[in-house]
Each structure stands twice: as structure tokens, then as C-alpha cells.
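Coordinates in review
What follows is each chain in one-letter form.
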Amino acid sequence: QVQLVESGGGLVQAGGSLRLSCVASGSIFLINAMGWYRQAPGKQRELVATITSDGTRNYADSVKGRFTISRDNAKNTVYLQMNSLKPEDTAVYYCNAEAVVEITLKFLQVWGQGTLLTVSL
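Relative to the helices and strands, Arg-71 resides in strand β7 (residues 67-72). Although Arg-71 is buried, it makes no salt bridge; Asp-54 carries the closest opposite charge, 7.4 Å away. Within the structure, the side chain of Arg-71 is placed 3.4 Å from the backbone oxygen of Ile-31, a separation counted as a polar contact. At a separation of 3.3 Å, a polar atom in the side chain of Arg-71 contacts the main-chain carbonyl oxygen of Thr-52.

And the structure:
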């Protein structure tokens, strides 16, 4: 199967920056889109940004101009550079990948365990 492991969350002051990383591992044949989602307390999980294997990016309006998603296909890794952070960015951030596994070529939607970002005033 395929696993995603996020890292880079933590506590940061408003206006600060942080970078999240997510590494995919396992029986990977290929990965299509990768992305970041977040869930704030009491709210539904929402899309933050996605990036396809050819580099096409999509952002939520709330993070456009502040967040940048990128990926290293050779390392099966996706990054989220977050600048000008606001308290409303506080949430658990989840990595997501659309993966095709080896041998069976089965398509999977895979989620990481989440990493907490807290932005203080």
C-alpha cells in the first residue's frame, strides 16, 4: 500500500512563515495529484492547495498569494510553503495523494495523519 507522512507543523506567530512536507512511500507505481487540506476545530475539512504531476496548481482563495505548493516527483514529496500566516490558518493540515499501486495498478486516495499548525497573535 501507500503511506503519507507529514512534517513541519508547529506554533508560529501571525505574519510568520512555515513549510510543511509530506513524503509518500510504499508500493507506488505513480502518483497523480497531491495536495494539502486542513480542518480547523469545529469546521469541515477544506482544500488548501493541489498540484498535479505536471505541476498545475490550484489554491483556495483564502491562501492565494500567501501559500505555495510544490512537489519533487523523484522523492514523492509535496511541500506547502506558508507565508504571512494568520490566526485563521490554525488547523490540522492533511496531505493527500492520488496514487496507483504497483502490480495491481489499483487507484487509491491516500491521506496522511495530519500535522497541527497553530498561529498565534
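Right, picking up where we left off after that structure.
Below, the discussion takes up unusual backbone geometry. One non-glycine residue, Ile-103, adopts positive backbone phi at about 70 degrees. Take Ile-103: it is sitting in the loop between β9 (91-101) and β10 (107-111). Its relative accessible area of 84% is what places Ile-103 among the exposed residues.

Judged by nonpolar contacts, the single largest core of 34 residues is most densely connected at Trp-36, Leu-80, Met-82 and Tyr-93. Of all the elements, β9 adds the most residues to this core, at six residues. Once residues lying within four places of it in the same chain are set aside, the contact partners of Met-82 are Gly-16, Ser-17, Leu-18, Leu-20, Arg-66, Phe-67, Tyr-93 and Leu-117.

Criteria and cut-off values
Residues numbered from 1 in each chain as written. Predicted model: local features only at pLDDT ≥ 70, side-chain atom pairs only at ≥ 80, totals over all residues. Heavy atoms only, no water. Helix = DSSP H or I, 4+ residues; strand = E, 2+ residues; numbered from the N terminus. Buried < 20%, exposed > 50% of the residue type's maximum accessible area, 1.4 Å probe, protein only. Lys, Arg positive; Asp, Glu negative; His and termini not counted. Salt bridge = Lys/Arg side-chain N within 4 Å of Asp/Glu carboxyl O. Polar contact = N/O pair within 3.5 Å; in protein donor to acceptor, adjacent residues only side chain to side chain. Core = buried A, V, L, I, M, F, W, Y, C linked by side-chain atoms within 4.5 Å. Contact = heavy atoms within 4.5 Å.

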